[in-house]
Structures are given as C-alpha cells and as structure tokens.
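# Analysis of the macromolecular model
Here is what each chain is made of, one letter per residue.
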Amino acid sequence: MKVTHAPIVPSEAAKAANRPCFTPELLAASGARYSRNNSGIEEIYSNIDFNNLDKSVDGIFKMVDYGHQSIADMAPVAMFMDDISIYLAYHLWSMCAVVGGQESSTRYIKIDIEGVVNPDELGIPENLQATWKQNVLDGFAKYQQAVDFWDGLGKADPKIMRISEKVLEDTSEKGQKVIDRMRRNYVFDRARYFLPIGAATNVMMVMPAREWVKLINDLLSSSLLEFNTLGNLIRDELTLVTPRLVKHAVATDSTKNVLDDEFEWIRANIDGVLGRCLNEGEPCSIAPVANLEINYPSNQRSHFFLRFPEDIVAGLKHRTNRYSRFGSALRRTMVRFGWDAVAMAEIRDLNRHRTGEKYCPLIPLGFYAALDQIPEHIDDSEMVTLAEWGLARTKDARENLRDGVRTYMYDTLLGSQFPFEHLTTANHFIYEAELRTGLGAHYRYAKHLRDVLKIWYSHHPETQGLIFEGGAEPE
C-alpha cells in the first residue's frame, strides 16, 4: 500500500497573468483572514512573507485556528492511494461526500491474481488465512473461466454485444480496435462478479483537508487493520500539506463506538434482512426489488406552494441534457430510493454519487453472476456451477459475520449482494438515473435505475419523455 500527495502548481497562464499562488494551508489561512478584514486578496497577498511561509500562516492562525473547521474546507488536497483492497475503496467513497476522484475500473481493466492484498495486511485471522487464500485463488480461476465464456459468446455472435452494424462492418484497423475494446468491456462487465473483494485497486481523491481529517478519524477508529494502515499513511502525507491540522487527525472513542454499534446492529439483524429478500431471482441470486419514496415540500408549512403536476413538469421542460439546471420544485423534493439486493460490483458505482446520504448494511445475501445475460439457446451449466460457488462464498462470509469475525467482508466477491439505499433530492436522483442509463452505462445498474424510474413515472407519468432515460448503449 502506498499513498502519495500530489501538489498543484500554477499554470503558465496564471503565472503570466501574475495571479496569487498559495500552498493549501496558506490558501486556507488567507481565506480565514477575510473574516477579520475586507481589504481584498491583493493586500493580504502582499503581506505574505514568502521567505518564511510558516510565519505567515501562523500569523493568521493566531487569530483564527483550525478549531473553526470551515477554515480547513479552504485547503484542497489531492492523494493517490495505490494497492488498497476493493472493499477499502468502497468504504472511502461511502465516507467522502464532497470528494472528486477516480478508481481503477473492473469494467475496463482485467484484474489478475498478483493484485491481491496480503492477508496479513488485511488482518485476516491466522486460523482463517489458509481457507481465505484458497478461495481467492479459486475466485481468480473462476473469473478467468467467466472471461473465457463471455469472450467466446461475443466472438460467436457479435450482435449479442449490442454493437451497431455500422461498427461491426468497419474492417479497418481502427474499426477492429474499436470492436476489440467494446468486446473487452462486454466481457469484463459480466465476468467481474467473481473477483474477490480483497483484490487490489488504485484510488485518486481530491477534497478539502477537513474531509481528509474526518476520513483519517474514521479509518484510525476502525477495527480493521487495513483501514488503520491507510489512515496512518494519509496522515503522514497530510503533514506535508497542512501540518497544523494533523493534530486533529486521530482515532476517537466516539467514532469507534459508533462503528462498533453499527457492526453489532448488522449482526443482530441478519435474519430479518434475509427474511425480507426471499423473492426468487436467477439461480443463486436475489431478484432486486426497487423502492422509491417521495417527500414533497409541505404546503401547510411553506409559503412557497407546490402545484402538481405543473411545477414538476416546469422543473424539467427547459433542460437540454442531463447537466442542465432543474427547477426549484425538484430541488426541494426529497427522495429515498434503493433496492433490497444489489451486487457489490454495482454498489461501488452507485456509491460514488456524492449527493445526500447512502446506506448499505453489509449483510451478504445472494450472489449475482450475470446468468440472466446468457441467451436461452446457450448451455449455461458451466456458469451455473460458477454461480453456485459464488453463493457458497457469500454464505461463508455471512456465517463469519454471525460469528463476529470483523474481516468477514474480505470473504465476499463483487457478485455478493447487499441492500442499498440513497437519500437525496429529486433533481439529483433524476440526474443519476439519466447518467446510469446513458451511453456506456453498465447494463446491470441501468436496469436498477430503470426499475426505480418506473416507480417515479407511476407518480409522475407526465415527466416521461422529459427525463433523458438512456438505452445504456455500448460506448
């Protein structure tokens, strides 16, 4: 595992225009100075002693310390985190609500066995390591089997990949490269469910220093060794950028107690959650049931009345694409949506939407293996056998959870299913639905969002056609 802070330098154009240039901590300190005078940035900048930046920063923080946490919001910090587990990466995105960044994609990159985090680094109990190592080896072997199966299917019948006739008929070298890339995406999209969640990934994040401190607090307060290791590495890098803030980046009993309580709640509610998910899907998986709750502004308590359906329609009718502005009626309407069983492969993508709050009680349920993507005339016995293996590993993880094994999540795979919900506002929900059904969207989360949109349309049929619901065409 490795963490690298990446400083931002001024562009040549900014230097030529003689624009002020700050370190992240000096930027925060200069912004803090605005609360004590209104002289403007030029005067503040002119008083900075660039031969002694520490003195300049400390001179301001004598008045306004980092104890006023909004000050730390003005110190942007970028970090690159190499070779962390997919599970830890999921946790980072779930914790960071204002983050920008990227993660190595299992949809575009073939993952191999060399990229697995060592069980000692994950904190796997010694008596469970031999079984864990064998399951990881088996998982990668079955991932390769799935890659071969879907690759063979795509080559035997290219139309199954939904690639347009125009692209398929292009015999040029460039055209063949496009087809090869689209076939790889098709294959990885369906084979990735057998990847162990302990496989290594790389994550880049940029967010204010305040959020890094909150994240470090969470990681260091965790009972998981890998989380603690990453927390300490980020803290070390943060000393290069905002050293005065690092004193706040520590484990706390408060956070530890919250995490412990949530772990025990999950253990206590395994059977209850399972009992609500007994609908039948494909072999081994639970067919996800979508849900959507809409909470409109109350006309009894608000002076700004909401008319139906006029205001909802008005909030959409002027948009030209998914990035267009929404009307206030949608921005003021709260929604809670989700599914009772979603594969971790899709949760990783759905979890990255930054608005609102996401909730995923990590109770392993069924196992999704893309069996529904196999045409009826194709013998699916090989894939059914692989899916049964994946379900067995998911059940093993669930039993480890029952036994209180804190590292149980490392026994799961990307196809392991969990409940997932998202609380946000209607405009952000619609944007997510448009994005996750649009060009290049993964077929599975496109289905999840379409299922929720059906519920939305049952409440607001007049919005069908105003929402840019896509067909998830291959990109």
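First things first, this report covers the structure right here in the doc. (Residues numbered from 1 in each chain as written. Predicted model: local features only at pLDDT ≥ 70, side-chain atom pairs only at ≥ 80, totals over all residues. Heavy atoms only, no water.)

Looking only at helices and strands, the chain features 19 helices and eight strands. For 475 residues, the compact-globule formula gives about 23 Å, and the C-alpha radius of gyration of the chain, at 25 Å, lands near that figure. Within the chain, residue pairs in contact and separated by at least 24 positions form 82% of the contacts whose partners lie at least 6 positions apart. Surface summary for the chain: the accessible area is close to 22500 Å², and the carbon and sulfur share equals 51%. Averaging the positions of the 53 positive and the 65 negative side-chain charges in the chain gives two centres separated by 6 Å. (Helix = DSSP H or I, 4+ residues; strand = E, 2+ residues; numbered from the N terminus. Rg over C-alpha atoms; globule rule 2.2 N^0.38 Å. Contact = heavy atoms within 4.5 Å. Areas by Shrake-Rupley, 256 points an atom, 1.4 Å probe, with all protein chains shown as cover. Lys, Arg positive; Asp, Glu negative; His and termini not counted. Charge placed at Lys NZ, Arg CZ, Asp CG, Glu CD.)

Among the nine residues in strand β8 (residues 417-425), seven count as buried, and that is most of the element. Pairing of strand β6 (residues 334-343) with β8 involves eight bridges; the strand directions are antiparallel. By the bridge assignment, Phe 337 is partnered in β8 with His 422. Relative to β8, strand β7 (residues 357-359) is paired through three bridges, and the arrangement is antiparallel. When the sheet's bridge partners are listed, Lys 358 is paired in β8 with His 422. (Buried < 20%, exposed > 50% of the residue type's maximum accessible area, 1.4 Å probe, protein only. Pairing = 2+ DSSP bridges.)

To continue, consider the environment of Leu 330. By the secondary structure assignment, Leu 330 is in helix α15 (residues 328-331). Along the sequence, Leu 330 and Leu 240 sit 90 residues apart, while their C-alpha atoms lie 43 Å from each other. Here Leu 330 is in contact with Ile 312, Gly 315, Leu 316, Thr 425, Ala 426, Asn 427, Ile 430 and Trp 456, once residues within four sequence places are set aside.

The next thing to look at is the nonpolar core. The biggest cluster of nonpolar side chains holds 128 residues, and the ones touching the most others in it are Trp 150, Trp 212, Ile 234, Phe 429 and Trp 456. The element best represented in this core is helix α7 (residues 126-156), accounting for nine residues. Discounting residues that sit within four places of it in the chain, Ile 234 has contacts with Val 3, Met 79, Met 81, Trp 212, Leu 215, Ile 216 and Leu 219. (Core = buried A, V, L, I, M, F, W, Y, C linked by side-chain atoms within 4.5 Å.)

Counting across every chain of the model gives 14 aromatic pairs. Ring geometry for Trp 150 against Tyr 186: centres 6.1 Å apart, planes inclined by 85°, an arrangement best described as edge-to-face. Here the residue Trp 150 occupies a position in helix α7, and Tyr 186 occupies one in helix α9 (residues 173-191), the gap between them amounting to 36 residues. You can call Tyr 186 buried: its relative accessible area is 5%. With a centroid separation of 5.9 Å and an interplanar angle of 50°, the aromatic rings of Phe 429 and Trp 456 are classed as tilted. Linking Phe 429 in helix α18 (residues 426-435) with Trp 456 in helix α19 (residues 443-459), this pair joins segments that are 27 residues apart in sequence. Here Phe 429 falls in the buried class, since its relative accessible area comes to 0%. Clustering of aromatic rings is evident, with ring pairs tying together Phe 337, Trp 339, Phe 420, Phe 429 and Trp 456. (Phe/Tyr/Trp six-rings, centres within 6.5 Å; stacked < 30°, edge-to-face > 60°.)

Looking at where Tyr 445 falls in the secondary structure, it is placed in helix α19. Residue classification places Tyr 445 among the buried residues on the basis of a relative accessible area of 4%. Beyond its immediate sequence surroundings of up to four residues, Tyr 445 is in contact with Arg 107, Glu 346, Asp 349, Leu 350 and Arg 436.

A few words on the environment of Leu 233. Locating Leu 233 in the fold gives a position in helix α11 (residues 225-238). Along the backbone, Leu 233 and Gln 464 are 231 residues apart, and their C-alpha atoms lie at a distance of 48 Å. Look past the residues within four positions of Leu 233 in its chain and what remains in contact with it is Met 1 and Val 3.

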